[in-house]
Structures are given as structure tokens and as C-alpha cells.
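The chain contents come next:
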Number of protein chains: 4
Amino acid sequence: MAGNTFGKLFQITTFGESHGEANGVVIDGCPAGLAVDINYVQQQLDRRRPGQSAITTQRKESDTVKFISGIFEGKTLGSPIAAIIPNEDHRSGDYDALKDVYRPSHADYTYQQKYGIRDHRGGGRSSARETACRVVAGSIAELFLKTEGIEIIAFVSSVGKIDSNFDFDNLSRDLVDLSLVRCPDLEISGLMEQAINEAKTSGDSLGGIITCVVRNCPVGLGEPVFDRLQADLAKAMLSINAVKGFEYGSGFAGTHLKGSEHNDAFVSENGEVRTQTNHSGGIQGGISNGMDIYFRVAFKPTATISKPQDTLDVYGSAFTLAATGRHDPCVVPRAVPIVEAMTALVLADHLLRKRLSRI
Amino acid sequence: MAGNTFGKLFQITTFGESHGEANGVVIDGCPAGLAVDINYVQQQLDRRRPGQSAITTQRKESDTVKFISGIFEGKTLGSPIAAIIPNEDHRSGDYDALKDVYRPSHADYTYQQKYGIRDHRGGGRSSARETACRVVAGSIAELFLKTEGIEIIAFVSSVGKIDSNFDFDNLSRDLVDLSLVRCPDLEISGLMEQAINEAKTSGDSLGGIITCVVRNCPVGLGEPVFDRLQADLAKAMLSINAVKGFEYGSGFAGTHLKGSEHNDAFVSENGEVRTQTNHSGGIQGGISNGMDIYFRVAFKPTATISKPQDTLDVYGSAFTLAATGRHDPCVVPRAVPIVEAMTALVLADHLLRKRLSRI
Amino acid sequence: MAGNTFGKLFQITTFGESHGEANGVVIDGCPAGLAVDINYVQQQLDRRRPGQSAITTQRKESDTVKFISGIFEGKTLGSPIAAIIPNEDHRSGDYDALKDVYRPSHADYTYQQKYGIRDHRGGGRSSARETACRVVAGSIAELFLKTEGIEIIAFVSSVGKIDSNFDFDNLSRDLVDLSLVRCPDLEISGLMEQAINEAKTSGDSLGGIITCVVRNCPVGLGEPVFDRLQADLAKAMLSINAVKGFEYGSGFAGTHLKGSEHNDAFVSENGEVRTQTNHSGGIQGGISNGMDIYFRVAFKPTATISKPQDTLDVYGSAFTLAATGRHDPCVVPRAVPIVEAMTALVLADHLLRKRLSRI
Amino acid sequence: MAGNTFGKLFQITTFGESHGEANGVVIDGCPAGLAVDINYVQQQLDRRRPGQSAITTQRKESDTVKFISGIFEGKTLGSPIAAIIPNEDHRSGDYDALKDVYRPSHADYTYQQKYGIRDHRGGGRSSARETACRVVAGSIAELFLKTEGIEIIAFVSSVGKIDSNFDFDNLSRDLVDLSLVRCPDLEISGLMEQAINEAKTSGDSLGGIITCVVRNCPVGLGEPVFDRLQADLAKAMLSINAVKGFEYGSGFAGTHLKGSEHNDAFVSENGEVRTQTNHSGGIQGGISNGMDIYFRVAFKPTATISKPQDTLDVYGSAFTLAATGRHDPCVVPRAVPIVEAMTALVLADHLLRKRLSRI
């Protein structure tokens, strides 16, 4: 009820403050008998890790996940899977100056008002560090989805004003990872990298858009009327730090089409029902229809910048803030595995829910 | 778990098929002692009703709500509030021809695949008729919010390719309702109305965008980390039929700004903490900050059109469909109270959740 | 959250005040494709109905259930099943005298304190009338359980100080219903009936115990560690009006045995794993083991009696109360189908949950 | 959904296998600003710890709790409180012989059947070791309850056939802890201790009953109709390993009384509403009425005994088992803090839920 739990059947609860002892997650509802490749989990976590490239924050955390329950001889037991990521590079001292300041467009003010207390070190619970736990849990969810052949790939499709119109038919995670920015359109990727470096140099930051594609999703995931697949995906995405928007299928641009242009005609391909176009984004009536699911997620520019900014301290006095801590000039490259993780969690939940639909 | 329940503390469960006996809703968790103005509920329901103007469906339903529990001598008892809207204008016969057809971009195919059975009459459970129940429940939620002075106003900001940049500082529901389209920018509204009529004449349909503003929301609504206010709003909106996208505050366009442009500087106004700009859309760290909350919701063009379309029947054979039933050439005018209702439900839920945050 | 919902996957929400428009229930999560025999539902409801025999309340209600959604051409759609039982025999006037009185051992005082408002007519929401809805929902659950061969039979095993040690191997519902008291031990049943009539004549009331047996329950129902099958059964039973205790298997008497006497040795019968004794009551580690599940439920004597009693009115003044309304001198005969219904709801929920346990 | 979570607003999720890395718990929903006395938590944990006296298991575990999130400078942050209890005294080897055996009246068989896999070492997830986490969480809940003056005291009221009728008006935890058996009736306690020692010597075990009293509980805790306070208490108790029964107030014995004897007359004491007797056990209509809440919990004799027993191995072959591991000859003395913890969790949950009842 306090908002730290996601999912209904495949359910996770995360915990931990940015500069506390550790961050962690409990995954409850993962079916028994799933083979867990811990290397895969760590590999996804490494894709989110700070300090992985020149364009990400230089904060150093090894982010090593340690499983402490729920797995026995390499397989899930059906009991809760708990995992811990110790917080190594505390440097809490970096944050002493922020104890009494409300950083602009951060959660300092709202947390203080809501709870009457806050852990100011690195944002405490509001830090994006919490998303590391989502990546751990999402990777387990992905392993479950892979048993059904479901594949999830996210990539950066825009940084600031630089857009890519990459055709996602030829997508693979390897291709995505060829680019520091995680934009598989390698030419555009270079421009994006340059823009990020310029923002960094000028003490500023950039936003961007991540596109995510789900392939080979079976028909029947999603529950009418409130837990439509797109509704749960939207919630999942908007629960990620810095996300400002979500659209699936034709999205906002689809409002410009007429019904006769937008409707996806059903056709039969080798006896299978398919649609000729896919403005529906693989979801109809809130339920997956077997076509590719795709959606786009907007991230605002990082709020932490080193340019001086006007703000208030907790006493209501004006204060000029210039961040000196380490931060990402653009979060989207590191957010790619987070988007994938949240997508996997939604799908795993609905894959289980689908088991309940018929007698 | 089957997706018919929304909200955690202020919780609703809707039921009913489009052409069954009735649609209805149970509201559980509404605090005791709330004065219920049933006229207000009916008035909001009337704003959603089919047949209210020349540009909406000509289906005739009086949509009269009947409360059957939870209210005693004009006040809520704290027990579940059940309400029923009988289905009057069945004309199930209109749908016999659709029994074996998968209408393009409708839920027919996915429901059939998921459940192995479906009520084909008017879409059954997948019909937007279900949203009438949301309006009833949302109106009760609004009455609760009004006890705290919270105000919600939605309006149509685009239809097809026609946009309005109406400044929502001067907004009122009365102004919105001056326009058949529910666009308070009355000049633009005329163009939108014309476009809708053209679409109707040509047997086609249009999409559009609804903008919603929440004024006077107290600080502290929203729960980190998964139940952020924007995440629950996104889910609420994407759970509405035909919605394809959601953005709040700066939204997708915000990805074009730099951090130094996007950050909202804190300032003190008469001793109150405010922000100079409001790219945050009234929400920071997932929690309302006291500024106006605003967001935009994209609706696809109505899937039901009278132009002939290619599709399949349930046996996999090609079929040409031309809808003869009554339908809206553009859903956004009637969706305005639905957006308001879902917003009210999210806020009422979080207003209650806020009671739990401190010792 | 307000306590009107039971179950997690097979979930019901009841609504309605005793003397309001109607009582009702929404069943959400019943799988699609279940054939619904409405006669069976009505028949179980008739077993709970007031006025069915000389030893039950003389209040007359036909208690006719009307389904308004979720069933199409005799089968469940997978959408919510809503059912209504109109309240016919209001006689609200009977209750005017009670408007300002706190009836002893009733919910009047606690409801008033909790909510600051109450529907005093017949107890409003606290009336056992609400359990009619549970019987409707429980009957649907039973139909689902029958598809797996699961059978539930409850019976009265004691009334006041009169006990029966009926061997439940020879039990059937028909046998139970041969007795007005619903005690299949027909000799003892006569004594019980006599005791109830004596209590009635003297303006007093009796309590009793209901025993319930579940046969042919598959192995694997129940979730460690909090949602053990016995924990959910205990909650279900203690949620019934007037229930004061629950024990399963060896129960309280089992505390007198030594471990070596109490342990149930595993044995192999025709290749199947069984236990030689069944002190475990068919549940081990919170999970059904395939043996008969059995438990006992204690009901206090009816609180409403016609003998004069001392109490207070809402102003804190002493008041002498002698009930004149119609009431049951002993609730256990009519509570038999309620115990069965709640048992069915718990098992249906866990039958669905079992689908989630393995990859 | 997999049963590892308890509570709705004050919610805990436990994790961990008996011989895995650690056991742990996440407490979500504890309000911000609560001062946490970690010594108190550890002290309650010590009362549950194995090896604390001659009549408990000789397994040695220091059971030291380590908090890793949610507490900052001695106060709760409103974020999830995670706590870990490392498993020190593994001796997994002790259990190798049990890998292929179904211990009688244990969870081995049902876990294997449900999940197709099990951690056989010490019962894995089914071990009562999990309850240590409940004590940690329950102690935090108690600290919350103490801010309202609520007090919970449990004690052993019977062991095997030895009963105590201790008058709980003079109860204190100190008095309870004067007795190794935790029976405050010190004369009877000596007899109980002797009985436990005899059982131990003969390789056998005993059951018993714990009585629990809640003092100074405010009026208004409990939610009609399913989440009655007694229903949630019953579920809490039946979710504890080895529990077979629950009764509150007059309980099973109350079925022997007539209504006129059982009803609790309301009286006014110094302007406060009280009841003359308390057969209701402090709960009416599912809601606390301000009187003492009291209930009794039946525990079966420990299933693990060293006397040889007949059973089956996983291949269906007969097997004679004589436990050699360390185990409690009677669990009730160590179960006292577990009963208190589960009681505290139920009350903390309902104390928060009460905040939602009125406008």
C-alpha cells in the first residue's frame, strides 16, 4: 500500500535507500522449477551500472547481486526470491551540503512534506538506485518469459532533439549494445553521443526517448477492463524515475489518422490470424493479439546539473545550487535495461494471470 | 485479479455487459459521512450519455443511475456503495451479423482467444458502455475531493489534426460545455465540429487529445516508488477504451529541453513553496507538490466505421464489414467526463493513502 | 480495504444493508466457460432462507437471486458475475424503537463509534442478511469445485449442550436435510429441536457447533506461509456472524495428545500416498494432502432475544430492551449452507492459486 | 499471492529457507516518524530464540537481527524496513538422511507435490525458523501500537493435559518470563516443565494452548464484513506452524450458554460505555469495543520426535524414521512471542485502517 510493490501474481517489493546498507528486492510468485542463470541477471545489471562508459555517471558501484533465498540447486523453489545489492560507494559526505536544500525538480521537497523526515543522502529512497532492484527482478521475469519464447528489446530512439527512425525488425540486444548510447542506428548514435558530451561539458543535461519492442508474445495477455496490458505497461513505465510520457502502437501520432487508416485489417497467414498493419501495437481490447507489442517512453533531462540554479532551502530562504556530485548527463542509455525489466515484470504477471482465464 | 477493480483504498469494481441486464459498480472504501448529491452524479453521467448531441452516437439510453446500498439519509455509511445503470436500448438483433466476425481493431478476436467464449452483442464487456460506471464512481470520488477543495477539469485539446493551445488558467466546466466538442477554445471548436461532421458523412472517424487539469491539489499525494501519482494516472488513462498515450507536465516535448531549461526553480510566494515554472506538471518524485497537475491523453479514431473494411470471420475466412450500428464518429467529446472520473478516482485513492504516511 | 471483499483470485465483494434496496454480490475471477446451474444456486439459498421451518425466524423473504452480468447462454464469460437479492419484507418500522439503542452483543455500538453514522434498521450492514450473498457466490464456487470432484458437506454437531458424535463417513446433504436442525444423527437431532423450541418459548436462544467435511480435495491447495489453507478457512469462518471459534483436524483436543500419538503415519494405498490417521485434518504445512479436510465452527447463542435485557441508549442512559422483531432462537441450522459457501470460496480461490505454483 | 505477505496497510513479506543464507522480512506501510528501539526488537527475538532454556531445542542460533533500510537516525522513514537474520548454525548435513523421506505430519510431502522441488534441509521454507521474521516485524508493530497505549501479553495456559486458569488481570510480561514454560501460574508452571522434560526423555513431544490478551485497545478496529478483527486474528494464528485452533471471548465453551447468559449488557462507567461481562472478547460486529480482547490458540505436539515412526520415502517405500536432529519437545514456550507478534501485526494493520473510516 506504501507503493513499494509491483505486480499481482509475479510480484516484487523493493527496499533500500541510496546510501543505506543495501538495496534489495523480494520476488514473490515466481513459479517453482525455473532454472536461474545468475550470470544473465548480473549481465543485465551491468548494463544499468553507473560508471560503465564515458557518457554515464562516474560514480563507481560494482552492483553485485547476491541471492539469499528462493533458489536451490539452481532452480526456483516457489518461495520468495530475495536479492541484495550492497551499497559500496557511499560518500555520504558529498551530500551534507544538501541536507537543508530542496533540489529543483527532485523529490526533496515532496518527501519532506509527505513524511516529515527524509534521508537526504543521494535522494534516499527517491534515488534511481532503486531501479537496480527492478533490473534484478526483471531479469528473473525475463528468464520465465523465455520459457515461452517471448523476447523484449529496448533501445534509445531519441536524445534531446536528435531522433532515429530505426526499423525495429532488425533489432537485437547485441546491436543495441554496439552503441554507447544504446541507439542501434549507429550513425545517429554518434550524433547523440556528441550531444551528450556537449551537455556534460556545459554542466547541463539532456532527455530522450526509449522505444521497446516485445516479440513473440502469445495472444491473451492482459485483463479487461482496468488491467489492460497497455495500462499496466503505462504504469510500469511512469513508475520509472524521470519518465514523463508513454504511448503504444500509433500513440499520439495516431490521433492524426482517420479510422479507415488506423484500423488494422485482420488477415490469415498460413492459417494464423494476423493484422495487416499494427497501429494497435499488438494489443486490442487490452489483450495481446500476437503481433509485436511496441511502445515509446519519454525521459526528461536529468534534474541534477552542475550549472548554478536558484532554489530554496528548507527554511524557505533563497539558495543557489550547483551540483558537485557525480551524475548522468543523460539517463536514457542506462535506462534501457530498466525499461526492459519493467516490461518483463508486466508480461510475467500477465502470463500467470492468463492461466486463470478459463475453466 | 481479473482486472475489474481499480484503486486500493477508494476502490471500485465494475460489472456488466453492453447488452446484458445492467451495468453497475461497487464503490468500496468511500469514507462514512460524505453527503452525496445524486443530481451531481446524474449530471456527470449525462455528459457521457450517448445521443446528447448531433456529433455523438444516436444510440438512445437514458442512463439513469440507481443507488442500491451504502447511502442512508443522504450520507455515505462507510459500507459499499452499489449503483446500477439498466441497459434499456438493447437492440441485440443489430449485432447478430457480428456474431461470427472479428471487427478490425476491436476486442472480438482477443476476447475469443482468451476466454473461448464471448458476448458478441455490442462488444459485451469490452464495450465503452462500461465507462458509464466509472463516471458514477468518479463523481462520488469528486464529491469527496471537493471537501478538500480539489477541482478537476478536462477538455478536448485536439481533434484529428486540429489543435488548440487553450490556456487552461481560464478554464471552467461551464466554458467547456459551451462547445459541443468540449473544446473551450470556441473558434477552434467550430472547426473541430465541422471535421467530425465530415468524418461522419464519409463513414469514417477521428481521434483526438484530451487535456486534464487538477487545481488545488494538496502536497503529498502519490506513493514512491511504484505507485507514483503519475503512474497511477497513466494506468487510469490507458485503461480507458481507445486511449493510446499519456504524458504529464512537459511530456514528450520535454525531452527536447535541457536540464537547465526544464528544471522548475523553487520560489517562495507569501511564505508558500511554489515553483517558477511547472514542467513537473505538479508532481515531483511521484508526489504532488501543490502546483497544478496537468496531463494529456491520446484517443485513437473510433474503430467502428461504416466504410467497408476487410477482416476475417471466426472460421478464418475473409469478410467485408460495413458497420450499420450507431456509433460515435469521434469519441473525445463524450470521453471528457470519463477522463475526469478516472482522475478523481486516482486522487481520492491517494488522498486516503496520504492519511497513512505519518505516525 | 473496507473489508467487503473476500478471496484473492476467486474474489467476491458483497454489498447491501439489511433493509436497503437489495443485497448483492460481485464475483470476480470465476474462470470462463463454467456451466452455471441457477437452480442449484437458488436451492442453496433456500437452505439459508428465513422462515423455512418452525425453528427458524418467521421473517418472510423469498430470497430470489437475479444474475445481471457475467453469464451468457448458461456459461460464465470470465467477466464479473453480479447477482442481486432484492429486500422484500422491509418492515423498517419494526426498528424505529431501536434507532437510539445499543442492543447487547450486537454491532450497534461499535458501528456508531467507528463510522459516526449507522443504518439502524435490522442492523444495516451488520445483519446476517449479508450472508445470503455469500451463499450465492459460494454456490458458484461449488460448481467450479465440482468440475474437479470436490465435495463439501457441513452439518450441525452440537446445539447448546447437546452433542452428536456422528461419523462423517456416511454423510450426504440429503441426510443432513432430513433433520430440521441439520444434524444427520437423527435421534440427537430430535433432542436438539426440542431444546431450540424450549429456548424459543422462554424468549431465549442457543448456540452450537457446525462440523464441515471436504472430500476428494486434490493435493496442493494452500500457500505457505501466511495463506495456509487452514488460515484462510479460519478467517472465512470467523468472518461469519456469531462465530467464536475454529479448529481443524485434532483441534483443541489434539493438544492433549503426545507427538507419537498425534503424528499421521504415511502409508501407501494402491500406490497412492495416504496417512493412517488424519489428525492433520487433511492439511500439512498449510497445504492439502489429499485426505479429508474437516473442521469445527463454534456459534454463540443468538444475541437477539425477547427476554428483557439491560443496556444503554446512544445518550448513555440505561434502557431495558425486549426484542419484538422476528429472530432465530438458534442460528446453526441456517448457518450450514453459509459454512459450506465460505468453504467453497476458500477452496475455489486456492484451486486457482495452485495453477501458479509451477513453471 | 504466493502467501508470503501478511497485512494490508501495515504489511510484511517474509523470505528465507531454514538453511539458506538468511531469513528476512520487509515491513511496508509502517508510518514515518516512529522511533525504533532496536534493543526491544532483539529482546523479543531472544524470547523466541532456540537454545534459550533446558526445555527448548538445543540448536544454537544467535538470531541477531540486522536492519538494512527504512530507518534513519533512529526513526522510520516511511519507506520499507528490511531486516535480515543470518542463518548461522547450518549443519545441513544433519538433514541429508531426510532428503528422500516424508516426515510424518510435516510439510515434506505436500511441498514436494505442490512445487515438484523442495529444500529438504530443516524443512526449508516450511521451517518454523520463518517465524523469527514475524517476531522482528511484530516488534516494530508493537512499538507503533504503544504510541496509542495498546498492550499485548500472551502466556502458556496449558501444556498437554495440564491446565492453568490464571486470571489475566494481573498479567505482565515480566511475570510470564519468570516461568521457563511462560505460564505465569508458577505452581502449574512447575508441573508443565516436568511434563515437558518427561516427554523429552521418552523421545516424545507435547502440545499446549497459548492465551493472549490485548489491553487498552481503542474502539473501532476491525472492518465488516470479511475483515472482522477476529477473522484477521484467526487467520494470523492459524498461519503459525503447529496451530490447530483459535477461539476468542467465550469461544467453544460459549456454545453452552443461553443468549440471556451470554449477552454482554452495556453499562456506563464514569460516562464511558463498557460491558458488564465480556463474553464478546472485546469485539462486537467484527469491531473492537474497547474492552479487553482475549483469545486462545491451540498448538499440536511437535511433529519431530526421536521415537521411531513409520513413514514413506519419496519412492513410496516404507521407512522407519527416528529424528536425531535438535528439536523442541514442546513449542508453546517459544511460541509466546510469535503469538504476540502476529497479534501486533493484525492490530497495527487495523489501527491504520481505522484512519480511513470517516470523511
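Residues numbered from 1 in each chain as written. Chains lettered and ligands numbered in written order. Predicted model: local features only at pLDDT ≥ 70, side-chain atom pairs only at ≥ 80, totals over all residues. Heavy atoms only, no water.

Undergrad: Looking at this structure, I do not really get the overall build of chain A. What am I missing?
TA: Looking only at helices and strands, chain A has 8 helices and 19 strands in total. Computed over its C-alpha atoms, the radius of gyration of chain A comes to 21 Å, within 12% of the 21 Å expected for a compact globule of 359 residues. Counting all 359 residues of chain A, 70% fall into the buried class. Residue pairs at least 24 apart in sequence account for 70% of intrachain contacts in chain A once pairs closer than 6 positions are excluded. When the accessible surface of chain A is summed, it comes to about 10,800 Å², and 48% of that surface belongs to carbon and sulfur atoms. Of the charged side chains in chain A, 37 are positive and 43 negative; the average position of the first set lies 4 Å away from that of the second. (Helix = DSSP H or I, 4+ residues; strand = E, 2+ residues; numbered from the N terminus. Rg over C-alpha atoms; globule rule 2.2 N^0.38 Å. Buried < 20%, exposed > 50% of the residue type's maximum accessible area, 1.4 Å probe, protein only. Contact = heavy atoms within 4.5 Å. Areas by Shrake-Rupley, 256 points an atom, 1.4 Å probe, with all protein chains shown as cover. Lys, Arg positive; Asp, Glu negative; His and termini not counted. Charge placed at Lys NZ, Arg CZ, Asp CG, Glu CD.)

Undergrad: How do you make sense of the pattern of salt bridges when you look at a structure like this?
TA: Between side chains of opposite charge, a pair can form when the charged atoms approach closely. This model, assessed by the stated rule, comprises 93 salt bridges over all chains. A:Asp177 is paired through a salt bridge with A:Arg47; the nearest N and O atoms lie 2.9 Å apart. Remark: A:Arg47 occurs in helix α1 (residues 38–48) and A:Asp177 occurs in helix α4 (residues 173–177); sequence separation between them is 130 residues. Here A:Asp177 falls in the partly exposed class, since its relative accessible area comes to 36%. Of the charged contacts, one joins B:Lys8 and B:Asp227 as a salt bridge, the two residues approaching to 3.2 Å between their closest N and O atoms. One end of the pair, B:Lys8, is in the loop between β1 (5–6) and β2 (11–15); the other, B:Asp227, is in the loop between β11 (208–215) and α6 (229–238), with 219 residues separating them in the sequence. (Salt bridge = Lys/Arg side-chain N within 4 Å of Asp/Glu carboxyl O.)

Undergrad: Is there a simple way to explain the interface of chain B and chain D in this structure?
TA: One frequent convention defines the size of an interface as the accessible area lost when the parts assemble. With 13 residues of chain B in contact, the opposing surface of chain D contributes 13 residues. Taken together, the two surfaces of chain B and chain D that pack against each other cover about 1,200 Å², and 66% of this comes from carbon and sulfur. It is B:Arg355, B:Leu356 and B:Ile359 in chain B that bury the most area against chain D; as a group they hold 54% of the surface buried on that side. If you look at where chain B meets chain D, you find 0 salt bridges. A breakdown of the residues in the side of chain B that touches chain D according to their chemical character gives 9 nonpolar, 2 polar and 2 charged. (Buried area = accessible area lost by both parts, 1.4 Å probe. Nonpolar A, V, L, I, M, F, W, Y, C, P; charged D, E, K, R; others polar.)

Undergrad: Whenever I open this one, the relation of the copies chain D and chain C confuses me. Can you help?
TA: Related by rotation about an axis and a shift along that axis, the two copies of the chain form a pair. Placing chain D over chain C gives an RMSD of 0.0 Å and needs a rotation angle of 180°, together with 0.0 Å of translation along the axis. The superposition operator between the copies reduces to a two-fold rotation axis. Same-surface contact between copies: 100% of interface residues of chain D are shared with the interface of chain C. (Least-squares fit on C-alpha atoms with pLDDT ≥ 70 in both.)

Undergrad: How should I be thinking about the environment of D:Arg355 in this particular structure?
TA: Mapped onto the secondary structure, D:Arg355 falls in the segment after α8 (332–354). Between the C-alpha atom of D:Arg355 and that of D:Leu221, which follows or precedes it by 134 residues, the distance is 9.7 Å. Excluding residues that lie within four positions of it along the chain, D:Arg355 makes contacts with B:Arg355, B:Leu356, B:Arg358, B:Ile359, D:Pro31 and D:Phe144.

Undergrad: Would you explain helix α5 (residues 186–201) of chain D in this entry?
TA: Since one α-helical turn is 3.6 residues long, residues separated by three or four positions face the same way. All names here are of chain D. The terminal C-alpha atoms of α5, which comprises 16 residues, lie 23 Å apart, in line with the 22 Å expected from a rise of 1.5 Å per residue. Buried residues of α5: Ile188, Ser189, Met192, Ala195, Ile196 and Ala199, and no others. Buried residues in α5, looked at end-on, bunch into an arc of 120°, giving them a common side. Across from the buried face of α5, at angles greater than 90 degrees, the exposed residues are Glu187 and Thr201. Those residues of α5 that are buried lie in contact with β9 (151–159), β10 (162–163) and α8. Within two residues after α5, Gly203 carries a phi angle of roughly 70°, on the positive side. (Expected span 1.5 Å × (residues − 1). Arc of directions from axis to C-beta.)

Undergrad: Before we go on, may I ask you to explain the sheet that holds β1(B) in this structure?
TA: Pairing between sheet strands relies on hydrogen bonds along the backbone, with the strands arranged either parallel or antiparallel. With antiparallel pairing, 5 strands are arranged side by side in an open sheet as β1-β2-β3-β7-β4 (chain B). In this open sheet, the two edge strands, each paired with only one partner strand, are β1 and β4 (66–67) of chain B. (Pairing = 2+ DSSP bridges.)

Undergrad: Explain the side chain of B:Asp232 here, please?
TA: Its place among the elements puts B:Asp232 in helix α6. Look at B:Asp232 and you get buried, because its relative accessible area is 9%. Residues in contact with B:Asp232, not counting those within four places in the same chain, are A:Lys235, B:Phe6, B:Asp227, B:Val346, B:His350 and B:Arg353.

Undergrad: Help me understand the packing of aromatic side chains, please; the structure alone is not making it clear to me.
TA: The description of an aromatic ring pair uses the distance of the two centres, along with the angle that the planes make with each other. Under the definition given, this model contains 38 aromatic pairs over all chains. Ring centres 5.3 Å apart and planes at 45° place the aromatic pair D:Phe168 and D:Tyr294 in the tilted group. A residue pair is termed long-range when its members are at least 10 positions apart, and D:Phe168 in the loop between β10 and α4 (173–177) and D:Tyr294 in strand β17 (residues 293–299) qualify at 126 residues. A network of ring pairs unites the aromatic residues A:Tyr102, A:Tyr109 and B:Phe266 as a single cluster. Seen from the ring of B:Tyr248, A:Lys244 lies directly overhead, with NZ or CZ sitting 4.1 Å from the centre. Positioned over the ring face of D:Tyr40 is D:Lys146, at 3.9 Å from the centre of the ring. (Phe/Tyr/Trp six-rings, centres within 6.5 Å; stacked < 30°, edge-to-face > 60°. Lys NZ or Arg CZ within 6 Å of the ring centre and 35° of its normal.)

Undergrad: How should I be thinking about the sheet that holds strand β19 (residues 318–321) of chain C in this particular structure?
TA: Residues and elements named next belong to chain C. Ordered by their spatial adjacency, 3 strands build an open sheet running β8-β18-β19, and the pairing between neighbours is antiparallel. A single partner strand is all that each edge strand has here, and the edge strands are β8 (101–102) and β19. Both strand β18 (residues 309–313) and β19 contribute to a ladder of 4 bridges, which runs antiparallel. Bridge pairing in β19 places Leu312 opposite Ala318.

Undergrad: Quick question: what am I supposed to make of the packing of helix α3 (residues 131–146) of chain B against helix α8 (residues 332–354) of chain B here?
TA: When two helices pack together, their arrangement is given by the angle between their axes and by how far apart the axes lie. Residues and elements named next belong to chain B. Where α3 meets α8, the closest approach of the two axes is 7 Å, and the angle between their N-to-C directions is 50°. By the angle class used here, α3 and α8 are oblique. For α3 against α8, the interelement crossing comes out left-handed. Contacts from Thr131, Arg134, Val135, Ala137, Gly138, Ala141, Glu142, Phe144 and Leu145 in α3 reach Pro337, Ile338, Ala341, Met342, Ala344, Leu345, Leu347, Ala348, Leu351 and Leu352 in α8. A class-by-class count of the residues in the contact of α3 with α8 yields 15 nonpolar, 2 polar and 2 charged. (Axes fitted to C-alpha atoms, helices over the stretch in contact; angles between N-to-C directions. Parallel < 35°, antiparallel > 145°, perpendicular 65-115°, else oblique. Left-handed = near helix turned anticlockwise from the far one by under 90°.)

Undergrad: So what exactly am I meant to see when it comes to the interface of chain D and chain C here?
TA: Residue-level contacts link 105 residues of chain D with 105 residues of chain C. Note on chain D versus chain C: buried area summed over both sides is about 8,400 Å², and carbon and sulfur give 60% of it. Summed over the three residues of chain D that lose the most area to chain C, namely D:Lys114, D:Phe226 and D:Lys244, the buried surface amounts to 11% of that side. On the surface where chain D and chain C come into contact, there are 6 salt bridges. One can count 47 residue pairs in polar contact (both at pLDDT 80 or more) joining chain D with chain C. The element best represented in the side of chain D that touches chain C is helix α2 (residues 108–115) of chain D, accounting for 7 residues. As defined by bridge partners, strand β12 (residues 243–248) of chain C adjoins strand β12 (residues 243–248) of chain D across 3 bridges and the pair is classed as antiparallel. Across the sheet, residue C:Gly245 finds its bridge partner in β12(D), namely D:Glu247. (Polar contact = N/O pair within 3.5 Å; in protein donor to acceptor, adjacent residues only side chain to side chain.)

Undergrad: Got a minute to help me understand the pairing of strand β11 (residues 208–215) of chain A in this structure?
TA: Moving residue by residue along a regular strand, the side chains alternate between the two faces of the sheet. Residues and elements named next belong to chain A. Counting buried positions along β11 gives 8 out of 8 residues, so the element sits mostly inside the fold. Residue alternation in β11 divides its side chains into two sets, Gly208, Ile210, Cys212 and Val214 and Ile209, Thr211, Val213 and Arg215, and both sets are buried. With 8 bridges connecting them, strand β9 (residues 151–159) and β11 associate as antiparallel partners. Within β11, the position partnered with Ile153 by the bridge is Val213. Relative to strand β17 (residues 293–299), β11 runs antiparallel, the two being bridged by 7 bridges. Within the sheet, the bridge partner assigned to Ile209 lies in β17 and is Ala298.

Undergrad: Please clarify how the side chain of A:Ser179 should be interpreted in this entry.
TA: All names here are of chain A. Within the fold, Ser179 resides in the loop between α4 and α5 (186–201). Since its relative accessible area comes to 4%, Ser179 is described here as buried. Within the structure, the side chain of Ser179 is placed 3.1 Å from the backbone nitrogen of Val181, a separation counted as a polar contact.

Undergrad: Is there a simple way to explain unusual backbone geometry in this structure?
TA: Glycine aside, negative phi is the norm for most residues, and most peptide bonds take the trans geometry. Put simply, A:Pro224 and A:Val225 share a cis peptide bond, and its omega is 0°. Phi is positive for B:Ala242, close to 80°, though the residue is something other than glycine. As for its placement among the helices and strands, B:Ala242 is situated in the loop between α6 and β12 (243–248). Residue class for B:Ala242 comes out partly exposed when judged on its relative accessible area of 24%. Positive phi, close to 60°, is recorded for C:Ser105, a residue that is not glycine.

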